[in-house]
Structures are given as structure tokens and as C-alpha cells.
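This is what each chain is made of:
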Amino acid sequence: MTAMVRAESVHKSFGLVEVLKGIDLEVKQGEVFCLIGPSGSGKSTFLRCINHLEKINAGRLYVDGELVGYRQKGDKLYELKDSEVALQRRDIGMVFQRFNLFPHMTAVENVMEAPVQVKGTSRAQARERARELLEKVGLADKAGSYPAQLSGGQQQRVAIARALAMDPKLMLFDEPTSALDPELVGDVLDVMRDLAESGMTMVVVTHEMGFAREVGDSLVFMDGGVVVESGDPREVLTNPQHERTQAFLSKVL
Amino acid sequence: MTDKIDKEPADTPPRDSHAPETIKAIPVRHYGRYVSAVVVLALVALLVNAFATAEKIQWSAVGDKLFDSTVLAGAGRTLLISVLAMIVGVVLGVVLAVMRLSKNPVTSWVAWAYIWFFRGTPVYVQLLLWFNLALIFPMLNLGPIYKDEMTDVMTPFMCALLGLGLNEAAYMAEICRAGLMAVDEGQTEASHALGMSHGKTLRRIVIPQAMRVIVPPTGNEFINMLKTSSLVYAVTYNELLRATSTIGSTSYAVMEMLFVASIWYLVMTSVFSVFQYYLERRFARGSSRSLPPTPWQRVKVNLMAFSRERGGA
């Protein structure tokens, strides 16, 4: 098994504030990798570094064996051009906490947009595929609706379909259920569970401990910009070794 | 807002007998409204009377000259120069706005300097600068591409177009910049995360959403432009004001011809206001669950309800 994501001593600062203080971890292919931790622990920032929405300041980050955002020649690093970064991002799907659907497009147009604009897929073909994906997330009847006409849960499922339309090899989820009403969380988690069963590699920043326990293959607890504890989710969640993990879990469980 | 009561759908299901009786209260009387209406009507009547009975105004001249071919041609040129200058303004404005927001310090500084100059000096002065350009550059010499006498290049039309268009671009740049900045950053991130380039993100995602913010003030700018275009009088472009003034000064009907000009300006701005209403609706797509009906749709609904009521009675 090769590593889909490999982080080696990843550091990230915003101005003088160091948010990531050396993250080392490995996400295996086909794995559901959960990141938990208190807010401000750097877990979302780390996720955003994986597709280069944030630039890292030190360390190395690889996706599928390829350095993210840079090219190494000898011992020199060269920044990638915007177009090269875009090329890397094609294979990495991302789902945001606030959905970020394109409000001026219908659900099906949202899903079609990237294949048509980036891959040059024909509109007819992209539309057909988009309808399939919307059906997969249970929203076949909402294809013609604008995001404003959909509930949060429906919007998030469209967002998942939109990311899947690019046939990514890795999916990043940034607290996908945190902005949802409690009764809508289940639908989104069901879609994610199906996706996990289909063998997709997923990195999930979440507060849903139930999801992490049931679906997760690995779990990392982050606090203060470092990995505090990691391992099998069932193990870590039921029998945390570290004091900080215990304190955090006692508050959320 | 008392008309709300009438808006119940005609075929409401019968209320169940346990529901409390609908409130039938006597509404608050707004006597202030009646009084103010009477006062306003009286003032308007006085004003109309003053103008209608003024002996020095030949109202017949207004009617005679309203559709005079010179006046119509002038109005046409006003419309033409306004539309063309606005196109120059919008296109250049979008480019300047993108330049100002660019990470490249050179382009951003160039855009800032442009806006600083063209927004910082009066349009009237800019028009005169273009008009008198031949005083300092008698020849326009673009090397092997183009060479001509400046006075041949700077026709009244060109002066008007450059003067109005380049000035407008500075204002449009600020409007577009505000529109671009109003689009949520998450939209750019989502687009980038999908692998879309900067250019595609801008064209497909950001600009269409910015339009909702940009269109209303742009309509305003165009209405302003229709009126500001009267300043090109100074560069001898024969637009509406110049056309009417010429007739006015030769036929001793100065005020009458100014009335004619005002009527045409009002017609143009009013027609455009209606057009703008529908344009804004088009760009509001997706921003709210459902758009309110247009006045025309409301008339149709009311007519249908009216005929149904008569049919039912």
C-alpha cells in the first residue's frame, strides 16, 4: 500500500502565529482518515495545505508521491506555476464547511462546471454524468434547483457530487456537517459512508465522533498545531492515552 | 398596506368551524396623508398654471419642434455617444478593476494612477484637453502604423467619446472593484479546489456573481452619462443640447427649446430605467428563492383574478 498523503514535519504560520508546528502523518490509499481536535488546533489549516490552498512554510507534503505546490530539483525547491498547481488540484476533491456552491448556477450546472471548463468534457456528457452523481447523492429531482432553494444538507450533497465529478483520487472534507441543522447531518454522513465503502481515500476534519468510530480507519487528535495522539479510531476514542485527548473527548462525547 | 387582505388565493379551503373569527377592526385613519395630498396638489396646480399662462412661452413651438428632424438627430447622437462611451467605460473599467486587484504591483499601481487622474479632474476639463490636443501635438504619429494630422483624428465625435469614455472608466473601475470584492472568498477557493485557473475562476465564477452588485450602480452611471453627455456641447459635437440650442438661438425660442431638450432627456432616462429593472432581475438569479413579480406580471395576475371573480359572481 502506497501513501496517498504523506506529511513530513509540516509547518505553517499566519504572520507571527504558528498554526502548524511540525505535522508528520501518512494517509494510506483507500483509507478514511479522520482529523479531530478543538477549534484552532490547526486541523482545517492542515487540510487546506493538502491541496495548496495554504502554502506551507517548512517541511514536505506529498500527495500520491508528488510534492504539493513545489518541484524539487537537486536540493533546490521551485514554486509551481498557477497552472501546474491547478493541475494537481484536479485530482483532489474538496468539500467545505460552508458548501461554497456557485449560487448563480443550478445544482446540475454546479456539478458540470469543472469537467466542462477544466477537462474539456462535452456539455452533454458532463450533464449526463452530473445527473448520475446527483442521483447517487439522492438529489436527482433537484438538478434544476438553485443552491438558495436547497436545504443545507442538500447543498452539501450537491457539493460532494461536484467534487466527485472530477474523478478525484483523494477527497478532503472540511467539517462537512458543522454548518448543518442536526436532523440534516445524517443524510450527508450517509453519502460519505457510501463513498468510503466504494474505496475512496478520504481525509475528514470532523466533530462527528460517531462517524469517525464507525467509518474511520485512522484517527488523529490534533491540538495546538501538533499531532497529540493517533491510531485506530475505536481505540483512541474509547481509550485515549494522552491527557489532552481525554480532556477533549470528555467534553464532546 | 391594507391591500394585503385581498391577496388571499381565491379558492381557499373552507375554514374549519373551530377556528376563531377573522378580525374585522376599523383601521387607523391617517388624516395627515389626506392633508398633505391636498397641499401638494394645490402647489402643483399653481406651478402648472404659472407655466401654462405665461405669455412669453410659446407652447406651440415646443410641440412644433419636439419631432423636428434636427432635434431627433441630436437625440440620436446623444444616445449614440452615451452608449459608446459607456461601452468604453465598462470594458476599460473591468480591466482596470482586475488590474487594481491583481497581485502584480505594477499593474495595480498603473490602475490606481489612472483612476487617480481621471476621477480627480472634471470631465469638462478632460473634454477640453482632448479638443485642444492639436495645440501641443499637431501630428499623431504612431510610427509605421499610423500618421495623421491631430485635428483630423480629434473630430468632435472622437473628443466626446474619449472624454466621456475614459472618464467613465475610472468610475466603472471602482464600481467593478467593489463588486469583485463583494463575492465571497469561498467561491474562489471552491473554484480553485476544482482545478479551475485564475482566469476561468474570474470569468465563470466571480464576475457573474459580481454583476449583481455591479449592475445597479452601472445603470445609474448610464443615466448620468445620458445627461453628462450634454457637456460635449463644448467640443462642438452636435448632440441634443447643441441641436436644440442652435434652433433656440436662431428662432428666439430659447426656453422652449430647453423644454424640448428636457422632454427628450426624460424620455431616454425613463425608458432606460425600465430596461434596468429587468436587467437587475436577470442578474439576481439564484440570489433569492423567488423573485417578486414584475409590474407587468402583477397586472396580469390581477386581471385574471378580476375576471375569475366576475365569472364566479
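Quick caveat, the model's predicted, so the values are computed rather than measured. (Residues numbered from 1 in each chain as written. Chains lettered and ligands numbered in written order. Predicted model: local features only at pLDDT ≥ 70, side-chain atom pairs only at ≥ 80, totals over all residues. Heavy atoms only, no water.)

1. Points about the pattern of salt bridges
Tallied over the entire structure, the rule returns 20 salt bridges over all chains. With its nearest N and O atoms 3.8 Å apart, the salt bridge here joins Lys43 of chain A to Glu175 of chain A. Taken as a pair, Lys43 of chain A in helix α1 (residues 43-50) and Glu175 of chain A in the loop between β9 (170-174) and α6 (182-197) lie far apart in primary sequence, 132 residues in all. The burial state of Lys43 of chain A is the same as that of Glu175 of chain A; both residues are buried. A salt bridge links Glu79 of chain A to Lys55 of chain A; the shortest N-O distance between them is 3.2 Å. Of this pair, Glu79 of chain A sits in strand β7 (residues 76-79) while Lys55 of chain A sits in the loop between α1 and β4 (58-63); the two residues are 24 residues apart in sequence, bridging distant segments of the chain. Residues joined by salt bridges that share partners form a network here, namely Arg100, Arg119, Glu174 and Arg177 of chain B. (Salt bridge = Lys/Arg side-chain N within 4 Å of Asp/Glu carboxyl O. Helix = DSSP H or I, 4+ residues; strand = E, 2+ residues; numbered from the N terminus. Buried < 20%, exposed > 50% of the residue type's maximum accessible area, 1.4 Å probe, protein only.)

2. Overview of the sheet that holds strand β10 (residues 201-205) of chain A
Strands pair in a sheet through their backbones, by hydrogen bonds, and they do so in one of two ways: parallel or antiparallel. All names here are of chain A. Spatially, six strands are ordered β8-β9-β10-β3-β11-β12 in an open sheet, and the strand pairing comes out mixed. Among the strands making up the open sheet, the edge pair consists of β8 (92-95) and β12 (226-231). Taken pair by pair, the neighbouring strands of this sheet meet at an average axis angle of 15°, ignoring direction. With four bridges joining them, strand β3 (residues 32-36) and strand β11 (residues 218-223) adopt parallel strand pairing. Paired with Phe33 across the two strands is Ser218, which belongs to β11. (Pairing = 2+ DSSP bridges. Axes fitted to C-alpha atoms, helices over the stretch in contact; angles between N-to-C directions.)

3. Overview of the packing of helix α3 (residues 69-101) of chain B against helix α10 (residues 240-251) of chain B
All names here are of chain B. Axis separation between α3 and α10 bottoms out at 7 Å; the angle between their running directions is 160°. Put simply, α3 runs roughly antiparallel to α10. Contacts between α3 and α10 involve Thr70, Val71, Gly74, Ala75 and Thr78 from the first element and Leu240, Ala243, Thr244 and Ile247 from the second. Looking at the contact of α3 with α10 residue by residue, the classes come out as five nonpolar, four polar and no charged. (Parallel < 35°, antiparallel > 145°, perpendicular 65-115°, else oblique. Contact = heavy atoms within 4.5 Å. Nonpolar A, V, L, I, M, F, W, Y, C, P; charged D, E, K, R; others polar.)

4. So, the pairing of β10 of chain A
Residues and elements named next belong to chain A. Taken across its five residues, β10 has five buried, putting it largely inside the fold. Where β3 and β10 come together, four bridges link them in parallel fashion. Directly across from Cys34, in β10, lies its bridge partner Val204. A crossover links β9 with its parallel partner β10, the connecting element being α6, and its sense is right-handed. (Right-handed = clockwise from strand over helix to strand, strands pointing away.)

5. A closer look at unusual backbone geometry
In most cases, non-glycine residues show a negative phi, while peptide bonds are predominantly trans. Residues and elements named next belong to chain A. Here the phi dihedral of His52 falls at roughly 65°; this positive angle occurs in a residue that is not glycine. The class for His52 is buried, based on a relative accessible area of 10%. The backbone of Asn100 sits at a positive phi, close to 55°, despite the residue not being glycine. With respect to the helices and strands, the residue Asn100 is situated in the loop between β8 and α3 (107-119). We classify Asn100 as buried; its relative accessible area is 9%.

6. Thoughts on the side chain of Ser41 of chain A
All names here are of chain A. In this structure, Ser41 sits in the loop between β3 and α1. Classification of Ser41 as buried rests on a relative accessible area of 1%. Only 2.7 Å separates the side chain of Ser41 from the backbone oxygen of Pro38, close enough to count as a polar contact. Among all residues touching Ser41, those that are not within four sequence positions of it are Val19, Met222, Asp223, Gly224 and Gly225. (Polar contact = N/O pair within 3.5 Å; in protein donor to acceptor, adjacent residues only side chain to side chain.)

7. Notes on the sheet that holds strand β2 (residues 17-28) of chain A
All names here are of chain A. If you walk across this open sheet you meet the four strands as β2-β1-β4-β5, and the pairing is antiparallel. Each end of this open sheet is capped by a strand with a single partner; those strands are β2 and β5 (66-67). Note that strand β1 (residues 3-14) and β4 share five bridges and pair antiparallel. Looking across to β4, one finds that Arg6 is bridged to Tyr62.

8. Some thoughts on the UniProt feature "transmembrane region" (unreviewed entry) in chain B
Residue and element names in this part refer to chain B. When the UniProt feature table is mapped onto this chain, "transmembrane region" (unreviewed entry) is found at residues 34-54, 74-99, 111-137 and 258-279. End-to-end, the C-alpha atoms of residues 111-137 are 25 Å apart, and along that stretch the chain is 70% helix and 0% strand. Between the C-alpha atoms that bound residues 258-279 the distance is 31 Å, and the span itself is 100% helix and 0% strand. (UniProt positions renumbered as here; feature names shortened; annotations may be inferred.)

9. Some points on the interface of chain A and chain B
Every contact between the two is made by 26 residues of chain A and, on the other side, 21 residues of chain B. Taken together, both faces of the contact between chain A and chain B bury some 2,100 Å²; the carbon and sulfur share is 56%. Joining chain A to chain B, the criterion identifies two salt bridges. The interface formed by chain A and chain B includes seven residue pairs in polar contact (both at pLDDT 80 or more). Put simply, the parts of the chain that give the side of chain A that touches chain B at least two residues each are α2 (82-89), β8, α3 and α5 (152-164) of chain A. When residues of the side of chain A that touches chain B are assigned to their parent elements, the largest contribution, four residues, is made by α3 of chain A. (Buried area = accessible area lost by both parts, 1.4 Å probe.)

10. Some words on the nonpolar core
If you look at the biggest cluster of nonpolar residues, it comprises 50 residues, and the most contacted ones within it are Leu134, Ile160, Met171, Phe173, Met192 and Met202 of chain A. The residues touching Met192 of chain A, leaving out its near neighbours within four places in the chain, are Ile160, Phe173, Pro176, Met202, Val204 and Phe211 of chain A. Grouped together as the second largest cluster of nonpolar side chains are 43 residues, Ile81, Leu164, Val232 and Leu240 of chain B included. (Core = buried A, V, L, I, M, F, W, Y, C linked by side-chain atoms within 4.5 Å.)

11. Quick look at the side chain of Gln156 of chain A
All names here are of chain A. Relative to the helices and strands, Gln156 resides in helix α5. Separated by 2.8 Å, the side chain of Gln156 and the backbone oxygen of Phe96 make a polar contact. Not counting the four nearest positions on each side in its chain, Gln156 is found in contact with Val95, Phe96, Gln97, Phe99, Pro176 and Val188.

12. What about the UniProt feature "domain: ABC transmembrane type-1" (unreviewed entry) in chain B?
UniProt marks residues 75-276 of chain B with the feature "domain: ABC transmembrane type-1" (unreviewed entry), using the numbering shown here. In this annotation, residues 75-276 of chain B is assigned 78% helix and 3% strand; the end-to-end C-alpha distance for the span is 20 Å.

13. What about a nonpolar patch on the surface?
Residue and element names in this part refer to chain B. Together, Val106, Trp109, Val110, Trp112, Trp116, Phe117, Val125 and Leu129 make up a nonpolar patch on the protein surface, roughly 860 Å² of accessible area in all. For the nonpolar patch, the elements supplying multiple residues, two or more each, are α4 (105-120) and α5 (123-131). Tallying contributions element by element places α4 first for the nonpolar patch, with six residues. Tracing the backbone through its elements, the reader meets Val125 in helix α5. (Patch = residues over 30% accessible without salt bridge, like charges linked within 9 Å, V, L, I, M, F, W, Y side chains within 5 Å. Areas by Shrake-Rupley, 256 points an atom, 1.4 Å probe, with all protein chains shown as cover.)

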